[in-house]
Protein chains: 2
Amino acid sequence: MKIVSLDARDIRFPTSLSLDGSDAMHPDPDYSCAYVVLRTDSPDGHEGHGLTFTNGRGTEIVVAAARAFEDLVVGRSLEAITDDFAGFWRILTSDGQLRWLGPEKGIIHLATAAVVNAVWDLWAKVEGKPLYRLLAELEPEQIVSAIDFRYIDDVLAPAEALDLLRRMRPGRETRLAEIEANGYPAYTTSAGWLGYDDDKIAALVREASTAGFKHVKMKVGRDLAADARRAGLIRDALGAGGVLMMDANQYWGVDDAIKAMRVLGLYDPWWIEEPTSPDDVLGHARIRREIAPIRVATGEHVQNRVIFKQLLQAEAIDVLQLDACRIGGVNETLAVILMAAKFGVPICPHAGGVGLCEYVQHLAMFDYVAVSGSLEDRVIEWVDHLHEHFLHPAVVRDGRYLAPTAPGYSIEMLPESLAEFAYPHGVAWAGAGVA
Amino acid sequence: MKIVSLDARDIRFPTSLSLDGSDAMHPDPDYSCAYVVLRTDSPDGHEGHGLTFTNGRGTEIVVAAARAFEDLVVGRSLEAITDDFAGFWRILTSDGQLRWLGPEKGIIHLATAAVVNAVWDLWAKVEGKPLYRLLAELEPEQIVSAIDFRYIDDVLAPAEALDLLRRMRPGRETRLAEIEANGYPAYTTSAGWLGYDDDKIAALVREASTAGFKHVKMKVGRDLAADARRAGLIRDALGAGGVLMMDANQYWGVDDAIKAMRVLGLYDPWWIEEPTSPDDVLGHARIRREIAPIRVATGEHVQNRVIFKQLLQAEAIDVLQLDACRIGGVNETLAVILMAAKFGVPICPHAGGVGLCEYVQHLAMFDYVAVSGSLEDRVIEWVDHLHEHFLHPAVVRDGRYLAPTAPGYSIEMLPESLAEFAYPHGVAWAGAGVA
């Protein structure tokens, strides 16, 4: 089966109208994505779909970047790719001309993720399995052969990665069955966006508790007094046994973060997320030391496995918030999942946006079944927006993600949604006076 | 004076035909740039020009990114920008939708550099001064007000930056006169590209010595035995008193780098450049400790001031290779120049490519006149390619950059070059069967 075309599209949802997703650094996002379709010559019509989440303006740049990979992808067979998946990944990330634009970071890497995830989606569809099961049933040697160990082998060499995977082979079937029966725990961010008023927040927190969520996350950063007031309000609405997380979305410098958390620590946060720049490994390490026992989390903006490696080496984080399309797709997430296991740091994936819940459920479930073997201190983020546009949307019930059942990576969008929200000519935009 | 348009163009030179610029990670670059012109309503016809160096394919993505800044730039007056230059810089780097694509790294930051440098070019032209002199004659308060201290103020606060600048006020006129009379020392990379054969390399090294260069840099990484042979050959051709630098262009992992330098150390390199991933602060720190006294250099791919901050904090580098358009233009280079001064690490800027020599001479000269006050262990890279396309090309004589005299940032290209090398429709490409 050969890939015969790579199509990249600009899809945007006008979420800024309702301030869904508003935080200290992103006051008015239009949740969007660069959406990639790989067509094949398969008589069954198999296609691979992948996307990278964006925030509105600039999506056209990620689309242009995805198109730049066309010559490196079209014409290859799926079998040749999956037989040497790390080799294919390196062709994309180390192209002698394109790598100048990263390397392995920012827009070119966001585009890499969309393309790479589309290949995995295709593979899982061909195998007739949801991605998490495809991954969980691969042999340890196959997982390791999909990882580019360049720049991480001083901390995780292929042999050690193999050992980590083999260690968890026993019990795999039991854990798969358990995930299928009970799903995976979730937490919600739908309540705490910065642009919402107090009444809306309190109502949403109570609604979340009723819906079975024990963990609720709030946005902080712009105004310490207001953050403290909202934290008290959410704590009250949560009641005893509720867990509150805080997310500063990189608003603070290192010293600011330490000062702010000395105040917000009074509300007993389970973690502080993105206290400062995602690039600042040493800054996170210092913040963590100084605000202990408050736990430090980051990851949605961590650019690649090299920064994750250092966050782990420097003991800078307590929680690793893996993103499915910030780093270079499934192959690079495998590297990060294994490094986290080595260092004993739990993964609580970043979700929300467009399609991130659909994506990361697979990664967390694979992590549980084949790598960490534990659900302790692990929850997947859940935001209840925009799922209706997916062919097989993620489903959360009683505070748990249900195991996906459809073959693929769950990221394929409905043709009518792709048409309606195409930017700038879809009907959602053509009349909006924005284009 | 108001900015009335932002024009961004894709300019490429077919350098891959001669393997100029070939190294371990970039075997066949086509030196290129995203070229930005800001037009104004000035009756004198003042324009600001800026570019970001690229490597061929993908330049169109950086051009798309530069265009995404149009609404944030067009309509502003130069005076309003320079009155609050840090504020303007943050408008570009922290736009609530665009920052998702970085933040402050990769393609969106390369584009930021082209736009920001075009503003500085415009300002220097309006003031009638070469950029280095404009910078050197600004008051310390004005320099500090151009810097965004977000994410670095735990290491360099505005007050300390002011002190560093005030410390060097005495002697400024003398150093300016000295630079004008004697220029700034250079080293050459023109001899050691990986794609050249031994005879060509030996001839080029002898030519460089004759031309007054004491320092010569060679590319290493792909083949240790071949690197050692070529190092011996260059050492012979250099003669006594010659200085040899090595550049691995990120080819190695941390352990590989340490092993390789135990062999290549026999040839007494003055530094090893880019021994591994530019993102790996802790990796550079470990390499530096283990291969001492060989000095470690990096910077051309260091994405922003946050990574530079950590390289300095972790004592990971001996030489800081500032780039003019990898990080976010003049404003961010000022932050890095000041941090380097605080830590006592010399800056030896990255040049070559397209326009990098033209750019960085200004930064190094400003550093000498107003910040470091020293030329010790400081040399600017020089590569003798593509200068003929600039209106005011950088000039090196007897191994020294001559101080630029024309107003601006020396980055304006000749209209006929912009036309000929426009991609894909300029005559250099239209007939080449590449477009």
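Source: prediction; values computed, not measured.

Draft legend 1. Structural view of the overall build of chain A. The secondary structure content of chain A amounts to 18 helices and 12 strands. The C-alpha atoms of chain A give 21 Å as radius of gyration, which agrees with the globular expectation for 435 residues (22 Å, within 12%). Expressed along its principal axes, the backbone C-alpha trace of chain A runs to roughly 60 × 55 × 45 Å. Out of the 435 residues belonging to chain A, those deemed buried represent 62%. A sequence separation of at least 24 residues applies to 75% of the contacts in chain A between residues at least 6 apart.

Draft legend 2. Fine view of the sheet that holds strand β3 (residues 47–54) of chain A. Residues and elements named next belong to chain A. Read across the sheet, three strands follow the order β1-β2-β3 without closing on themselves; strand pairing throughout is antiparallel. Of all the strands in the sheet, the pair left with one neighbour each is β1 (3–12) and β3. Shown here is a sheet whose adjacent strand axes are inclined to one another by a mean of 15°, direction ignored. Of the strand pairs in this sheet, β1 and strand β2 (residues 32–40) are connected by nine bridges, and their pairing is antiparallel. Counted as the bridge partner of Arg12 is Ser32 from β2. In the packing of helix α1 (residues 59–67) onto the sheet, the strands contacted are β1, β2 and β3, and the crossing angle to β1 comes to about 175°.

Draft legend 3. Examining the environment of Asp84(A) more closely. Among the secondary structure elements, Asp84(A) is positioned in the loop between α3 (78–83) and α4 (85–93). Separated by 295 residues in the primary sequence, Asp84(A) and Val379(A) place their C-alpha atoms 32 Å from one another.

Draft legend 4. Fine view of the pairing of strand β2 (residues 32–40) of chain B. Residues and elements named next belong to chain B. Extensive coverage of β2 is indicated by the burial of eight of its nine residues. In this sheet, strand β3 (residues 47–54) lies alongside β2 in antiparallel orientation, the contact comprising eight bridges. Each residue of the ladder has a partner; that of Ser32, found in β3, is Thr54. Hairpin connection of β2 to β3: six residues between the antiparallel strands, including Gly45 at a positive phi of 75°.

Draft legend 5. Just unusual backbone geometry, in detail. All names here are of chain A. Of the consecutive residues Gly102 and Pro103, the connecting peptide bond is found in the cis state with omega at -20°. If you trace the backbone, Pro103 turns up in the loop between α4 and α5 (106–127). Located in the positive-phi region is Tyr151, a residue other than glycine, with phi close to 75°. Judged by the 24 C-beta atoms lying within 10 Å of it, Tyr151 falls in the buried class. Unusually for a residue other than glycine, Asp398 sits at a positive phi of about 50°.

Draft legend 6. Structural detail: the sheet that holds β3(B). Residues and elements named next belong to chain B. Read from one edge of the open sheet, three strands run β1-β2-β3, paired in antiparallel fashion. Looking at the sheet topology across the chains shown, the edges are occupied by β1 (3–12) and β3. Taking each pair of neighbouring strands and ignoring which way they run, the sheet shows an average axis angle of 15°. On top of the sheet, helix α5 (residues 106–127) reaches β2 and β3; it is set at about 150° to β3, its chief contact.

Draft legend 7. Fine view of the relation of the copies chain B and chain A. Aligned on chain A, chain B shows an RMSD of 0.0 Å; the corresponding rotation is 180° and the shift along the axis is 0.0 Å. In symmetry terms, the pair is related by a two-fold rotation axis. No C-alpha of chain B approaches the rotation axis more nearly than that of Gly106(B), which lies at 2.4 Å. When you check the interface residues of chain B against chain A, 100% turn up at the interface there too, and the contact is symmetric in its surfaces.

Draft legend 8. How the structure looks around the packing of helix α1 (residues 59–67) of chain B against α5(B). Residues and elements named next belong to chain B. Axis separation between α1 and α5 bottoms out at 8 Å; the angle between their running directions is 65°. Between α1 and α5 the crossing geometry is right-handed. Each of Ile61, Val62, Ala65 and Ala66 in α1 lies in contact with α5, whose residues at this interface are Ile107, Ile108, Leu110, Ala111, Ala114 and Val115. Considered class by class, the residues forming the contact of α1 with α5 number 10 nonpolar, no polar and no charged.

Draft legend 9. Geometry of the interface of chain B and chain A. Each partner contributes residues to the interface: chain B has 53 residues there, and chain A has 53 residues. Elements supplying a minimum of two residues to the side of chain B that touches chain A: α1, α5, α12 (254–264), α13 (281–291) and α14 (305–313) of chain B. Considering each element in turn, the side of chain B that touches chain A owes the most residues, five residues, to α1(B). The residue makeup of the side of chain B that touches chain A, split by class, is 22 nonpolar, 19 polar and 12 charged.

Draft legend 10. The arrangement of helix α8 (residues 158–167) of chain A in detail. All names here are of chain A. All of the buried residues in α8 are Ala161, Leu164 and Leu165. Mapping the buried residues of α8 onto a view down its axis gives an arc of 95°, with all of them on the same face. Structural note: α8 exposes Ala159, Arg166 and Arg167 on the side pointing more than 90 degrees away from its buried face. Against α7 (140–145), α15 (330–343) and α16 (356–372) lie the buried residues of α8.

Draft legend 11. Here's a closer look at the domain arrangement of chain A. Residues and elements named next belong to chain A. Looking at the assigned domains, one finds that chain A contains domain 1 (3–128 + 417–430) and domain 2 (172–414). Computed over C-alpha atoms only, the centres of domain 1 and domain 2 are separated by 23 Å. Contact with domain 1, which involves 39 residues of that partner, is made by 36 residues of domain 2. Examining the composition of the side of domain 1 that touches domain 2, we find that 12 residues originate from one element, α5, more than from any other.

Draft legend 12. Structural context of the environment of Ala24(A). Residue and element names in this part refer to chain A. Counting through the fold element by element, Ala24 comes out in the loop between β1 and β2. For Ala24, a count of 20 C-beta atoms within 10 Å gives the class buried. In sequence terms Ala24 and Asp223 are 199 residues apart; their C-alpha atoms lie 9.3 Å from each other. Leave out the neighbours within four places in its chain, and Ala24 touches Leu194, Lys219, Gly221, Arg222, Ala248, Asn249 and Tyr251.

Draft legend 13. Up close: the nonpolar core. Core analysis: the largest hydrophobic core is formed by 319 residues, its most contacted members being Val36(A) and Val36(B). Of the domains in this structure, domain 1 (3–128 + 417–430) and domain 2 (172–414) of chain A are the two that each give at least three residues to this core. Apart from the residues within four sequence positions on either side, Val36(A) is in contact with Leu6(A), Asp7(A), Ala8(A), Gly50(A), Leu51(A), Ala66(A), Ala114(A), Val115(A) and Ala118(A).

Draft legend 14. Layout of the packing of helix α11 (residues 224–238) of chain A against helix α12 (residues 254–264) of chain A. All names here are of chain A. Contact pair α11 / α12: the axes reach a minimum separation of 10 Å and the direction vectors enclose 35°. In the crossing of α11 with α12, the sense of the turn from one axis to the other is right-handed. On α12, the residues that touch Leu224, Asp227, Ala228 and Ala231 of α11 are Ala260, Val263 and Leu264. Split into classes, the residues belonging to the contact of α11 with α12 amount to six nonpolar, no polar and one charged.

Draft legend 15. Spatial organisation of the confidence of the model for chain A. Averaged over all residues, the pLDDT of chain A equals 95, while 98% of them reach at least 70. We note a pTM of 0.97 for the whole complex and an ipTM of 0.96 for its interfaces.

Definitions and limits used
- Residues numbered from 1 in each chain as written.
- Chains lettered and ligands numbered in written order.
- Predicted model: local features only at pLDDT ≥ 70, side-chain atom pairs only at ≥ 80, totals over all residues.
- Helix = DSSP H or I, 4+ residues; strand = E, 2+ residues; numbered from the N terminus.
- Rg over C-alpha atoms; globule rule 2.2 N^0.38 Å.
- Buried ≥ 20, exposed ≤ 12 C-beta atoms within 10 Å, placed from the backbone.
- Contact = placed C-beta atoms within 7 Å.
- Pairing = 2+ DSSP bridges.
- Axes fitted to C-alpha atoms, helices over the stretch in contact; angles between N-to-C directions.
- Least-squares fit on C-alpha atoms with pLDDT ≥ 70 in both.
- Left-handed = near helix turned anticlockwise from the far one by under 90°.
- Nonpolar A, V, L, I, M, F, W, Y, C, P; charged D, E, K, R; others polar.
- Arc of directions from axis to C-beta.
- Domains from an automatic or database assignment.
- Core = buried A, V, L, I, M, F, W, Y, C linked by C-beta atoms within 7 Å.
- pLDDT = per-residue confidence, 0-100.

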